[in-house]
Amino acid sequence: MFAKPVPGRATAALEGDAVVLLIGMRINRFWAVHSWLPLFTGMPRMLRELKRDRARGLLNHVLLTASPRTYYVVQYWESKEKLYAYAAAPDALHHRMWAAVNRKDRAGKMRRHVGLWHETYVVPQGSYEAIYFDMPPFGLAAATGVLPLEQRGRRAADRFAYRPAAADAPKR
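Owing to the predicted nature of the structure, the values given are computational and were not obtained by experimental measurement.

1. As for the overall build of the protein
Next up, step 1: Helix and strand content of the protein: 5 helices and 7 strands.
Next up, step 2: Taken from the N to the C terminus, the helices and strands of the protein come in the order β-β-α-β-β-α-α-β-β-α-β-α.
Next up, step 3: Overall, the protein is about 55 × 30 × 25 Å in size when its C-alpha atoms are taken along their principal axes.
Next up, step 4: Taken across its 172 residues, the protein has 35% of its residues classed as buried.
Next up, step 5: Counting every atom, the protein has about 10400 Å² of accessible surface; 59% of that belongs to carbon and sulfur.
Next up, step 6: In the protein, 27 side chains carry a positive charge and 14 a negative one; their mean positions are 11 Å apart.

Shown next, in the form of structure tokens:
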């Protein structure tokens, strides 16, 4: 739970594209507990399900609070295909929860009580870089591993320009 900092400067070990999902909710009406509580408790249940079955593709996640009303998760995925497959898998908790949300919405039982949102980004290699200074593995580095900064370059421009050798290139 309390990871030790990696001394010095490090970067994320990811090679290839980064797939990042931001997903969250906003409580619009605190008194409408019946609308937002199942969603609020459902996300940790889905994250536990994904942690138990690593083959589904979730690499790591970070739970965050934007305000007393707004909660979200930053998720790092192996690929957008695995993210889509999980979202549509009939045996997954997400499928059942989203069906329940759609039923409530059609019945007019969620309108204006709770807001839901997500944003998905596929960031091509060469379009991201990361640096961590005396930090435990966090974010992208917690999802993909930590490397000494020198392996990718001390300057951001060097890390953006990094390309693995052809033999080391990821096969996606």
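Here the narrative resumes.
2. Things to note about the sheet that holds strand β7 (residues 146–148)
Next up, step 1: Pairing is antiparallel across the open sheet formed by 3 strands, whose spatial order is β6-β1-β7. Both edges of this open sheet fall to β6 (132–135) and β7, since each of them pairs with a single strand only. Averaged over all pairs of adjacent strands, the angle between their axes in this sheet comes to 55°, without regard to strand direction.
Next up, step 2: By the bridge criterion, 3 bridges tie strand β1 (residues 6–12) to β6 in an arrangement that is antiparallel. In the strand pairing of β6, arginine 9 is matched with phenylalanine 133.

3. Remarks on the packing of helix α2 (residues 80–88) against helix α3 (residues 93–106)
Next up, step 1: Interhelical geometry of α2 versus α3 gives an angle of 55° and a closest axis separation of 6 Å. On the basis of the axis angle, α2 is oblique to α3. In this structure, α2 uses Tyr86, Ala87 and Ala88 to contact α3, whose residues at the interface are Leu93, His94 and His95.

4. Side note on the nonpolar core
Next up, step 1: Counting residues in each nonpolar core, the largest one holds 23 residues, and the members touching the most others are Met25, Leu39, Met43, Met46, Trp77, Tyr86 and Val114.
Next up, step 2: Per-element accounting of this core gives the leading share, 6 residues, to helix α1 (residues 33–52).
Next up, step 3: Counting residues in each nonpolar core, the second largest holds 14 residues, with Leu14, Ala18, Ala141 and Ala143 among its members.

5. Comments concerning the packing of aromatic side chains
Two aromatic rings are characterised by how far apart their centres lie and by the angle between their planes.
Next up, step 1: Going through the model one piece at a time under the given rule, you end up with 4 aromatic pairs.
Next up, step 2: Here tryptophan 36 and phenylalanine 40 contribute two aromatic rings whose centre-to-centre distance is 6.2 Å and whose plane-to-plane angle is 90°, an arrangement assigned as edge-to-face. Within this pair, tryptophan 36 and its partner phenylalanine 40 are both found in helix α1, separated by 4 residues, close to a single helical turn.
Next up, step 3: Judged by its relative accessible area of 13%, tryptophan 36 falls in the buried class.

Procedures and definitions
Residues numbered from 1 in each chain as written. Predicted model: local features only at pLDDT ≥ 70, side-chain atom pairs only at ≥ 80, totals over all residues. Heavy atoms only, no water. Helix = DSSP H or I, 4+ residues; strand = E, 2+ residues; numbered from the N terminus. Buried < 20%, exposed > 50% of the residue type's maximum accessible area, 1.4 Å probe, protein only. Areas by Shrake-Rupley, 256 points an atom, 1.4 Å probe, with all protein chains shown as cover. Lys, Arg positive; Asp, Glu negative; His and termini not counted. Charge placed at Lys NZ, Arg CZ, Asp CG, Glu CD. Pairing = 2+ DSSP bridges. Axes fitted to C-alpha atoms, helices over the stretch in contact; angles between N-to-C directions. Parallel < 35°, antiparallel > 145°, perpendicular 65-115°, else oblique. Contact = heavy atoms within 4.5 Å. Core = buried A, V, L, I, M, F, W, Y, C linked by side-chain atoms within 4.5 Å. Phe/Tyr/Trp six-rings, centres within 6.5 Å; stacked < 30°, edge-to-face > 60°.

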